[in-house]
Amino acid sequence: MLEGVVINSRQHVGLQKLSALSGRIRSSVGPFKNYKFIQDESSGDSVLVCSCFRIIENLEPTCAVGQLVYETVRGHHKQYRTGSGCLLFLAGGWSRAALDSLRRGISVQHIITAMSEGIDICLDVCKKFSVSFKDLAVMEKCTAAPGGTKKASTDASIEMANFHDKCLSKSGQRKVKLSRHFCEAKSDMLSTVRHPDQPDMIVIAESLSHGCEKAMKLAVEAAQMLLKTNQQHIRDPLFDISKMLTCLVSGLPEDYACVVEGCILLLSDEQAAAAHVVKQQPLKVALITGDLSQTYRHLGFKSLPGEQCVCEDLDLSVSNKEDEWVDKVVKLLLNLEVKLILTAGLVSQKVIQHCCRHQILVVEKVNSSVLKTIGSSTGAIPVNYATQLTESCVGDGVNVEIWRDLSSYERKSLTAVNISTGRSSGLVTVVVTSCVHGKLQALEDQFWACAYRLHHALKDGALLPGAGGAELLCVHQLQKQAEHDRVKDSKTGSAANLYRGLVLQLMAGGLIDYITAVMVNTGRFTAANARTIVSKQLTEFHRDEISTEKFLQLVSQSKREDAGFSAVKPDEAPALNIYDNLSVKQEAWRKALDLVLLVLQTDAEIITGTGQKNEGNLMLL
C-alpha cells in the first residue's frame, strides 16, 4: 500500500497513515472525478477507476490501518453506494486535526470529548437545515410560478423562509465502537412520515445527479418502471431497489444504454443454443444458491471427523466421482422436467455441456435478489445443492426470450436473453454500454450511486444543501462554538474549554479542506481562490443564514450539457439547486470520526504513545 512520510516513528503512526491514504482520493470527491489507472506491478494488469471505493479496493492495503479503512469504506459502499469519498476525505482531515491537537499538548481524552461534541454539532446542523419534501415542493411551486402571480410567489417565499427553523427530531447520544466492523445504526433523527405534498421525482433526481445526468436519467426511468410494474400509489414513490439490476455490454456506444423490464443476462454461444430451443415457452425452473459443481460445499460445512480417502490414482478417482455426480444431477433434472437452472455461484463446465446436450439452459452468477423474486413468483424453492431438488422445489411459468444477439459487437459470441415470469415479477434491468470495456465498471458505479441517492432521498423524505453547503454551515457552527468556548475560558480560566475550542477549530479546518477540494475538482476554481471564497463567505455569515443560498448559487451555477430532464430549453431553465442525501451524509461523517477515534485510541494504547509525559496512564498491550 502507498504510505506517506512518517513524521515521528514513535508517535501516532496510524493517524499519519490514515491521513496519507486519504490524500490518494483528493481528486475523487465532488461531481467531477478524474479517471485513474492502477497497475499491478507483479502481474502487469491494470484497471481503470474513478471512485474512492474502487481506488481503495484496487490498492489492496496490507497494513492494519489500510485494512481498517478498506473495511469501513466497503461497509459504507455496500449499504449506500455513495459518500465513500466524503467519508475517507474527512477521516484524513480529522486525523490531521487530531495530530495537530496532540502536537499542541492536548490529551487524547480531551480530543475524543471535543471531537464527539463537534460531530454532534454537525448532526444538529443537519437537523436544522435539512430541506423536507414539503419545503422542496414549495420551492418548486415558487420557481414554476408565472411572473404575474405575485401573491403565489409571496406565499411560497414566506413558506420557504420558515423551513430553516424546523427540525426532524432530537439527536441521540453517539458512542465510539472499537471494532473494525462498525454497526449500521439507523438514524433516529429521520422522519418516516412523508408529507402529502410530494415534489416531482424528476426534480429530486436533478438535484442529486451530481454531474451524472445520463446515469440519473437511467435511474429515474428504472424507478418509474418499477413503480408502474408494482402498481404503487403515486403518493408512495419509494421503489424496491433490490429489484433493480444491471447488465454490462461492451462494444456499444454509451448512448445505447437503456432500461428493460425483466432480467437481462448474457449467455455464451453454447448456452445460447439451448436458449433458442426453450425460448417463448413456459419452463420449469430450479434455483441453486451456491455453485453447481461436485466439489462445492456451503459456508460452514464441516466434514466428518477422522474421514480419510486413500487411493493410488487420485486424479482418476476424482474424475470418476465428478462424472458420476454430473450424470446423477442431469438424470434428476430430466426426471423433474427442469429446463432452466439459475445459480448464484459458478457452474462446472461439465455440467453446462451435459445440460446443453439435453436442452437444459444453465445460467450462473445470478443476483440473489433475482432468485428470490423469481422464486416468489413461480413457487420455486432455492436449495444449496442440486441433489436436494424435489418436485416441490421446482417452479414453473418462466419465459426465456432472446433479447439481443451481441456477437457483432464482441469478439466472442454473446447473446442476451430476457428471463421473466408470466406473472409480473417486478424486475427491471439497466443495460450499461460502452465502447471501452475498462470503463463499464465505472459507469455501473455511477448508475448505482444515482439510484441509491434517489432511493435514500425518498426514504428519508428530506435533503441537505449540497455543493459544500452543509459542510459550510457546520464550519460556521463549529467556529461559533469555538469562539464561545474561548470567551468562556477567558472568564472562568478552565483549560477544558480552551482545549475544546482548539479542537473544534481544527475540525472546522478539515471541513474547509473538503469544501475547497470539491470546488477545485469542478475545474472552475483554483485552491487559493476556493479558500478565499470560503473565508469570505464565513465572514459574511448572518444570523438568518441567508448568505448560504448565495454560496450554493456560486458553486452550483454552471451550464448543464444535458437538459433531458427538463421540458424547457436549456437557456430558459432556472439555476439548479444541488442537494445531498441526509442519511448518507450523516453516516459518512459518523464513520469518518469513528475511524479517526479508533485509530487515535489504538495508537495511544500501544507503544507509539508511551513517550509522552502527559500520557502516563496509558496501558501497554
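Throughout, residues of each chain are indexed from 1 in the direction in which the sequence is written. Local features in this predicted model are restricted to residues of pLDDT 70 or higher, and side-chain atom pairs are both shown and tallied only at a pLDDT of 80 or more, whereas totals for entire chains, interfaces and linings draw on every residue. Values reported for side chains reflect all heavy atoms of the structure, with hydrogen atoms and water molecules removed beforehand.

Turning our eyes to something else, we now look at the environment of Ser130. The numbering of helices and of strands both runs from the N terminus, where a helix is a DSSP run of H or I of at least 4 residues and a strand a run of E of at least 2. With respect to the element layout, Ser130 can be found in the loop between helix H5 (108–129) and strand S3 (131–132). Along the sequence, Ser130 and Leu464 sit 334 residues apart, while their C-alpha atoms lie 4.8 Å from each other.

If you trace the three strands from one edge of the open sheet to the other, you get S3-S13-S14, paired in antiparallel fashion. Either end of the sheet is taken by a strand with one partner, and the two such strands are S3 and strand S14 (579–581). Two strands are counted as paired when DSSP detects at least two bridges linking them. Inspection of the sheet shows strand S13 (residues 462–465) paired to S14 by three bridges, in the antiparallel sense. Pairing of Pro465 across the sheet is with Tyr579, part of S14.

What makes a salt bridge here is a side-chain nitrogen of Lys or Arg within 4 Å of a carboxyl oxygen of Asp or Glu, nothing more. All chains considered together, the criterion is met by 15 salt bridges. Note that Glu57 is salt-bridged to Arg54, the shortest N-O span being 2.9 Å. Placement of both Glu57 and Arg54 in helix H2 (residues 52–59) is noted, with a separation of three residues, approximately one turn of the helix. Exposed residues in this analysis have more than 50% of their type's maximum accessible area, buried residues have under 20%, and partly exposed residues fall in between, with area computed by a 1.4 Å probe over protein chains only. Using a relative accessible area of 13% as the deciding quantity, one classes Arg54 as buried. Residues Arg531 and Asp513 are paired through a salt bridge, measuring 2.1 Å at the closest nitrogen-oxygen approach. Residue Arg531 is found in helix H17 (residues 527–539), and its partner Asp513 is found in helix H16 (residues 495–521); the two are separated by 18 residues along the sequence.

A word on the packing of aromatic side chains. By convention, a stacked pair of Phe, Tyr or Trp rings (six-membered ring in the case of Trp) has centres within 6.5 Å and planes under 30 degrees apart, an edge-to-face pair has planes over 60 apart, and any other such pair is tilted. Overall, the coordinates contain four aromatic pairs when judged by the stated rule. A connected cluster of aromatic rings, assembled from ring pairs, spans Phe447, Trp448 and Tyr452. For a Lys NZ or an Arg CZ to count as sitting over a ring, it must be within 6 Å of the ring centre and within 35 degrees of the ring normal. The ring of Trp448 has Arg81 sitting right over it, with the charged end atom 5.3 Å from the ring centre. Seen from the ring of Trp403, Arg404 lies directly overhead, with NZ or CZ sitting 4.4 Å from the centre.

What follows covers the confidence of the model for the chain. You can read pLDDT as the predictor saying how much it trusts each residue, on a scale of 0 to 100. Scored by pLDDT, the chain has a mean of 76; 72% of the residues are at 70 or more. With pLDDT under 50 throughout, residues 1–9 is counted as low confidence; its partners more than four residues away or in other chains account for 19 contacts. Residue contacts are defined here by distance: any two heavy atoms, one from each residue, within 4.5 Å place the two residues in contact. Of the regions scoring below 50 in pLDDT, residues 147–196 engages in 89 contacts with residues more than four places distant in sequence or in other chains.

Within this analysis, patches are made of residues with over 30% relative accessible area and no salt bridge. Like charges are joined at 9 Å or less; nonpolar side chains (Val, Leu, Ile, Met, Phe, Trp, Tyr) at 5 Å or less. Accessible surface area values rest on a Shrake-Rupley calculation with a 1.4 Å probe, where residue burial reflects the displayed protein chains alone. Under the counting rule used here, the positive set is Lys and Arg, the negative set is Asp and Glu, and His together with the chain ends is not counted. To locate a charge, the coordinates of NZ of Lys, CZ of Arg, CG of Asp or CD of Glu are taken. Together, Asp40, Glu41, Asp45 and Glu60 line one region of the surface with negative charge. Structurally, Asp40 can be placed in the loop between strand S1 (36–39) and strand S2 (46–49).

All right, on to the packing of helix H8 (residues 201–208) against helix H9 (residues 213–229) then. Two quantities define a packed helix pair, namely the angle between the axes and the distance from one axis to the other. Lines are fitted to the C-alpha atoms to define the axes, a helix being fitted only along its stretch in contact, and any angle between axes, read from their N-to-C directions, falls within 0 to 180 degrees. Between H8 and H9, whose axes approach to 10 Å, the crossing angle comes to 150°. One finds that H8 runs roughly antiparallel with respect to H9. Both H8 and H9 take part in a crossing whose hand is right-handed. Across the interface between the two elements, Met201, Ile202, Ala205 and Leu208 of H8 pack against Met216, Val220, Ala223, Gln224 and Leu227 of H9. Residue classes in the contact of H8 with H9 are distributed as eight nonpolar, one polar and no charged. Comment on the angle field: the value is read as roughly parallel under 35 degrees, roughly antiparallel over 145, roughly perpendicular from 65 to 115, and oblique elsewhere. Crossing handedness is defined as follows: a turn of the near helix away from the far one that is anticlockwise and smaller than a right angle gives a left-handed crossing, while the clockwise case is right-handed. Side-chain classes follow a simple rule in which Ala, Val, Leu, Ile, Met, Phe, Trp, Tyr, Cys and Pro form the nonpolar group, Asp, Glu, Lys and Arg form the charged group, and the remainder, Gly included, forms the polar group.

With that settled, the discussion passes to the environment of Leu15. Looking at the secondary structure, you find Leu15 in helix H1 (residues 13–22). Among residues more than four places away in sequence, those in contact with Leu15 are Ser95, Ala98, Leu99, Leu102, Val596, Val599, Leu600 and Asp603.

What follows concerns unusual backbone geometry. Of note, the phi angle at His210 is positive, near 55°, even though the residue is not glycine. If you trace the backbone, His210 turns up in the loop between H8 and H9. Positive phi, close to 60°, is recorded for Gln359, a residue that is not glycine. Along the chain, the position of Gln359 falls in the loop between helix H12 (349–357) and strand S9 (361–363). By relative accessible area, Gln359 is classed as partly exposed at 38%.

Moving on: the pairing of strand S10 (residues 395–405). On any regular strand, side chains alternate: one points to one face of the sheet, the next to the other face. Across three bridges, the pairing between strand S7 (residues 283–288) and S10 is antiparallel. Note on S10: the bridge partner recorded for Leu283 is Val398. Sheet topology note: the S10/strand S11 (residues 415–421) ladder contains seven bridges and is antiparallel. The residue of S11 that forms the bridge with Asn399 is Ser420.

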